[in-house]
Amino acid sequence: MDCGDHRACGGARLRIAIVEDEAIVAQRLERMIRSLAGSDIESVTRAETLDEALEVTAGGAIDLLFLDLNLGGRNGFRLLDAAVASRFQTIVVSAHHEQALRAFEFGVTDFIAKPFTAERLRKALDRAFGRTSLQPGRTRCLAVRKGAETRVIPIDRVTYISGADDFSELHLDDGSAHLHQKTLAQLAEMLPDSFVRIHRSFIVNLTGARGMGGTTLVLADGRALPVGRTYRESLRAKMGFSSP
Amino acid sequence: MRRGVITIAILSVLAVLAGRWNALASKRTRHPSGQYPVIALNMVRMRIGDDPSWATPSYDDRRWRSIEVNDVPNVPDIVWLRTPVDLSHIARPPTHPLGLAFSGMAAHEIFWDGIQIGKGGTPARTAAGEEPGPVDSLYQVPDALATRGVHSVAMRLSAFHRHFAPVTGVWGVFVGDYAAIEGAAARRMWIAIGCLSGLLLTSVFAAAMYFLNDRDRGSLLLATLCLSAAALLIAESWRSLFGYTYNLHLVRLVSVTILTWLVSVQLVALACVRFPHRFARPVMMLTVVTTALCALLPMWDLKAGAMLVIGVFVAWIWTIAASRRNAAGSNLALIGVSAVAVGLVYDPTRFAESGLFFLLNVLFVCLLCSHVLDVRRDRDARSEVELKSARLELELLKRQLQPHFLMNTLTALSEWVERDPAVAVSMIGAIADEMRILTDVASESTIHIDDELRLCRAHLAMMTMRKDVRYELVTSGFAGNELVPPGIFHTLVENAVTHAPRGADIAISLDARTDAGLVRYSFASPSARDAGLDDGPVTTGTGTRYIEARLREAWGERWTFSQRRDGLRWIAEITVPAAVPA
């Protein structure tokens, strides 16, 4: 497998989980993943039930999750809430193609409709590891964990996102802040065009920005955020200012 | 409450109408009004025997017996009647000739001031010599004789051809405006024809409904009842419509009695058919017998009247009972029967001749409306059943197109094609088997148990290859001739597979026990601990509804279906009648 800008690049090997209650389908996924990613894989874990799957993902010790949304005839969106709030990327594998739009709104990396081919699976893996860009702008909400619960936040309520170590912090229009397990880079991939990186540590929702002042961007509530030198020109262009 | 008020209001209106109509009819028939009053010659002097001089105005008849004209006795000889007619107070315009009407069962000759002005048949002293005369005759009194003053009327009668002994042989003799008397008869005729057209139209309509609407007995009875009522009306009106000689009067009376009996009995029969009840047969028998016994009553009017009273009141009480049970269409029928009953109470003596046919029209229109509503309800119910059946068929077939089922099957099939084509081929065979049986049976309301079990096994064979778990269906206790709605065990099997515990081979059992006309099916399958009975999109939620709808389609409400968890087993029990309704 070629090197992306993710875990696989750093030499660390991928830990993959497959949540699928159809044995042959799970076998097919594992067989294909192993043949496509081969030596980059550290482990492939299979789960058949919701409970098992929650146990696997709660540990957080995975990089990529393949998730069937209908386990034992149950709706799997409850599982998806928890999955997308996690650091790992989620690829949904489902018989219900009509769920794709909603899944993308939750910020999943890809949606594979059953039945699938090895070629389709390769594209999904490429997308997960950044070799092809995602289709931005489809994420409509972000899920955050609050203790055992998962809360879904509509993205238009997010004014800016700050980077904090390996996590991110979502700042909402009501002044509240929520930790998100994905990094700024991962979120930047998912979010629509109105979200712009302005600093190594900040992504801003431009729909709520009041204007630029020198090296800062002023938000609707008067808060000023620093604009990094490398981001300045592109931000000016996006805000409709010409270069000085 | 509202319905009751409406019923009472309509009844009152009908009662008043019936009363008014009766009053009008009586007025017209009894006292035809003209340019001058009609005189009824009620009192006469009578003598048995024959002498031409008895016609002369100057003949002294004071020693003759004075009787009412209705009381002329039945004697095997010629009877003479004489009476004076006083025209001194009558100013007769020249354009309005004077008429004399004779109604009765006799051959007659009428003399006005000694001059013969009319002759109906030929009176004679022997049966052989007599030629019967018409029952209703109207003669014009020559203008020259119809002068002011007192005149003499003499009637020479004989009645050898009555064939029975009537209470009244001569019904009436009237003198008055010729045109007015004639007009009254014509009016009676038109009223009869009006009622007749209503009855015939209803009869034709009901007959058409019978032939167009699966030959239901209600429509047929309504058609024959209307036809009988029309025939009765014709028989009743024959006298004013066509007239006849008095020797045929008995034929008409017998016809009227038989037709009245038919109308009475059919009225009750129609009520019983339209509003079935377990007492229908005994009530029907009782009505037939009692109305038939009415034929033994002494007078013809009494016979017919009693039959009608029994028929109308039994039908009335029956309809009231039906209405209390909220039987469909009973309120409309009750309005109609009540109208007839009210009319009967209002004027029982002349009812058969006047109000009956008008009110029968009202009744039949009510019955027809109630019947049309009934037919529409039937049709709606039937199309609803058809729609439900079509939905069930679609639901069963749609299962194979459910994304969860279809896409996972295709994914597993793709895997087998790449990994082990031989298994893929077997899997395609199993899918084809299941689809073939499904399309064959989906439109049936019940199928042979063997077909249902083949369907279940084809599904399990396919799922074995799809899920890499061995599924088995173990059956016991089947006689082999059981009939079941299509897909009910298939639904349970599908659900069992969805909620089966992981890892192990799965054995599903289905047992049948026939006892006392009932078949009890017991279905058991291993179930994962967390599997609910009513979870998910394709399992027991819609599955339970499907099974219940199919059982209802086949057996109405005569079935039971229950599901429960028994430890790690899921049990479903279905009890149905051993026989399937035709």
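Residues numbered from 1 in each chain as written. Chains lettered and ligands numbered in written order. Predicted model: local features only at pLDDT ≥ 70, side-chain atom pairs only at ≥ 80, totals over all residues.

Visitor: What is the right way to read the overall build of chain A from this model?
Guide: Scanning chain A from terminus to terminus reveals 7 helices and 17 strands. Sorting the 244 residues of chain A into buried and exposed places 41% on the buried side. In chain A, 52% of the contacts between residues at least 6 apart in sequence involve partners at least 24 apart. (Helix = DSSP H or I, 4+ residues; strand = E, 2+ residues; numbered from the N terminus. Buried ≥ 20, exposed ≤ 12 C-beta atoms within 10 Å, placed from the backbone. Contact = placed C-beta atoms within 7 Å.)

Visitor: How should I be thinking about the overall build of chain B in this particular structure?
Guide: Across its full length, chain B carries 13 helices and 17 strands. The long-range fraction of contacts in chain B, counting pairs at least 24 apart against all pairs at least 6 apart in sequence, stands at 76%.

Visitor: How do you make sense of the packing of helix α5 (residues 280-293) of chain B against helix α6 (residues 300-324) of chain B when you look at a structure like this?
Guide: Each pair of packed helices gets described by two things: the angle between the helix axes and the distance between those axes. Residue and element names in this part refer to chain B. At a closest axis distance of 9 Å, the pairing of α5 and α6 adopts a crossing angle of 165°. For the element pair α5 / α6, the angle class is roughly antiparallel. When you trace α5 past α6, the crossing you get is right-handed. Residue-level inspection shows V283, T287, T290 and T291 of α5 in contact with α6, the latter providing M307, I310, G311, V314 and W318. (Axes fitted to C-alpha atoms, helices over the stretch in contact; angles between N-to-C directions. Parallel < 35°, antiparallel > 145°, perpendicular 65-115°, else oblique. Left-handed = near helix turned anticlockwise from the far one by under 90°.)

Visitor: Would you mind showing me how to read helix α12 (residues 488-498) of chain B here?
Guide: Along an α-helix, residues three or four apart share an orientation, since each turn contains 3.6 residues. The buried fraction of α12(B) is high, at 11 of 11 residues. All of the buried residues along α12(B) are I488(B), F489(B), H490(B), T491(B), L492(B), V493(B), E494(B), N495(B), A496(B), V497(B) and T498(B).

Visitor: How should I be thinking about the sheet that holds strand β10 (residues 158-164) of chain A in this particular structure?
Guide: The strands making up a sheet are joined through hydrogen bonds of the backbone, oriented either antiparallel or parallel. Residues and elements named next belong to chain A. The strand order across the open sheet built from 5 strands is β12-β11-β10-β14-β13, with neighbouring strands paired in antiparallel fashion. In this open sheet, the two strands that pair with only one neighbour each are β12 (177-180) and β13 (195-199). Between one strand axis and the next, the sheet turns by 25° as a mean value, whatever way the strands run. Examined bridge by bridge, β10 and strand β14 (residues 202-205) share 3 bridges and lie antiparallel to one another. (Pairing = 2+ DSSP bridges.)

Visitor: Even after reading the chapter, I still don't get the nonpolar core, so can you show me in this structure?
Guide: A general tendency of soluble globular proteins is for nonpolar side chains to be buried together. In terms of nonpolar packing, the biggest core is built from 107 residues, with L65(A), L67(A), I203(A), V204(A) and V493(B) touching the most fellow members. Ranked by the residues each element gives to this core, the list is headed by helix α11 (residues 449-467) of chain B, at 9 residues. Excluding anything up to four places from it in sequence, V204(A) contacts Y160(A), V196(A), I198(A), A209(A), L217(A) and L225(A). In this structure, C272(B), L308(B), L334(B) and V340(B) belong to the second largest nonpolar core, which totals 62 residues. (Core = buried A, V, L, I, M, F, W, Y, C linked by C-beta atoms within 7 Å.)

Visitor: Before we go on, may I ask you to explain the pairing of strand β9 (residues 150-158) of chain B in this structure?
Guide: Note on strand geometry: in a regular strand, side chains alternate between the two faces of the sheet. Residue and element names in this part refer to chain B. Among the 9 residues in β9, 7 count as buried, and that is most of the element. Bridge count between strand β4 (residues 79-86) and β9: 8 bridges; the pairing is antiparallel. Looking at the pairing, W80 lines up with R156 of β9.

Visitor: Mind showing me how you'd approach the environment of G176(B) here?
Guide: One can find G176(B) in strand β10 (residues 170-177). Residues G176(B) and L87(B), 89 residues apart in the sequence, show an inter-C-alpha distance of 9.7 Å.

Visitor: Please explain the pairing of strand β15 (residues 209-213) of chain A as it appears in this structure.
Guide: All names here are of chain A. Judged from the 4 bridges that link them, β15 and strand β16 (residues 216-219) form a sheet pairing that is antiparallel. Note on β16: the bridge partner recorded for G211 is V218. Hairpin connection, β15 to β16: the antiparallel pair is bridged by 2 residues, and G214 has positive phi, about 65°.

Visitor: Explanation requested: the sheet that holds strand β2 (residues 41-47) of chain A in the structure shown.
Guide: All names here are of chain A. Spatially, the 5 strands line up as an open sheet ordered β2-β1-β3-β6-β7, and their pairing is parallel. Only two strands of the sheet have a single neighbouring strand rather than two, namely β2 and β7 (110-113). Direction aside, the axes of adjacent strands within the sheet are offset by 15° on average. Taken together, the 4 bridges between strand β3 (residues 64-67) and strand β6 (residues 89-94) define a ladder with parallel strand orientation. Among the inter-strand pairings, L64 is bridged to a residue of β6, identified as Q89. Contacts from helix α1 (residues 23-37) reach β1 (14-19), β2, β3 and β6 within the one sheet, and its direction differs from that of β2 by about 170°. Against the sheet, helix α3 (residues 77-84) makes contact with β3 and β6, and its axis sits at roughly 170° relative to β3, the strand it touches most.

Visitor: How do you make sense of the environment of I320(B) when you look at a structure like this?
Guide: Residues and elements named next belong to chain B. Tracing the chain through its elements places I320 in helix α6. The class for I320 is partly exposed, based on 15 C-beta atoms found within 10 Å. With 14 residues separating them along the chain, I320 and L334 place their C-alpha atoms 6.4 Å apart.

Visitor: Help me out: how do you make sense of the environment of V204(A) in this one?
Guide: Residue and element names in this part refer to chain A. Within the secondary structure, V204 sits in strand β14. Classification of V204 as buried rests on a count of 25 C-beta atoms within 10 Å. Taking the C-alpha atoms as reference points, V204 and L217, separated by 13 residues in sequence, lie 9.0 Å from one another.

Visitor: Is there a simple way to think about the confidence of the model for chain A in this case?
Guide: For residues with low pLDDT, the predicted coordinates do not support detailed interpretation. Looking at chain A, pLDDT values average 79 and 83% of them are 70 or higher. Under a pLDDT of 50 for its full length, residues 1-11 of chain A has, in the predicted model, 20 contacts with residues more than four places off or in other chains. (pLDDT = per-residue confidence, 0-100.)

Visitor: What is the right way to look at the confidence of the model for chain B in this model?
Guide: All names here are of chain B. Put simply, chain B has an average pLDDT of 86, and 90% of its residues get 70 or more. Across chain B, the element-wise mean pLDDT spans from 54 in helix α1 (residues 2-30) up to 96 in strand β6 (residues 107-112). In the model, residues 25-32 has pLDDT below 50 throughout and makes 12 contacts with residues more than four positions away in sequence or in other chains. Contacts from residues 531-540, a stretch scored under 50 in pLDDT, to residues over four places away or in other chains number 24 contacts. Two numbers describe this predicted complex: its pTM, 0.57, and its ipTM, 0.71.

Visitor: What is the right way to read unusual backbone geometry from this model?
Guide: Most peptide bonds take the trans form, and the phi angle of most residues other than glycine is negative. Cis geometry marks the peptide bond from K114(A) to P115(A); its omega dihedral reads -10°. Structurally, the position occupied by P115(A) is in the loop between β7 and α5 (118-128). Residue D113(B) is not a glycine yet carries a positive backbone phi of 50°. Its location among the elements puts D113(B) in the loop between β6 and β7 (115-120). Take D113(B): there are 22 C-beta atoms within 10 Å of it, and that puts it in the buried class. Phi is positive for A516(B), which is not a glycine, with a value near 50°. Tracing the sequence through the fold places A516(B) in the loop between β14 (506-515) and β15 (518-526). For A516(B), a count of 5 C-beta atoms within 10 Å puts it in the exposed group.

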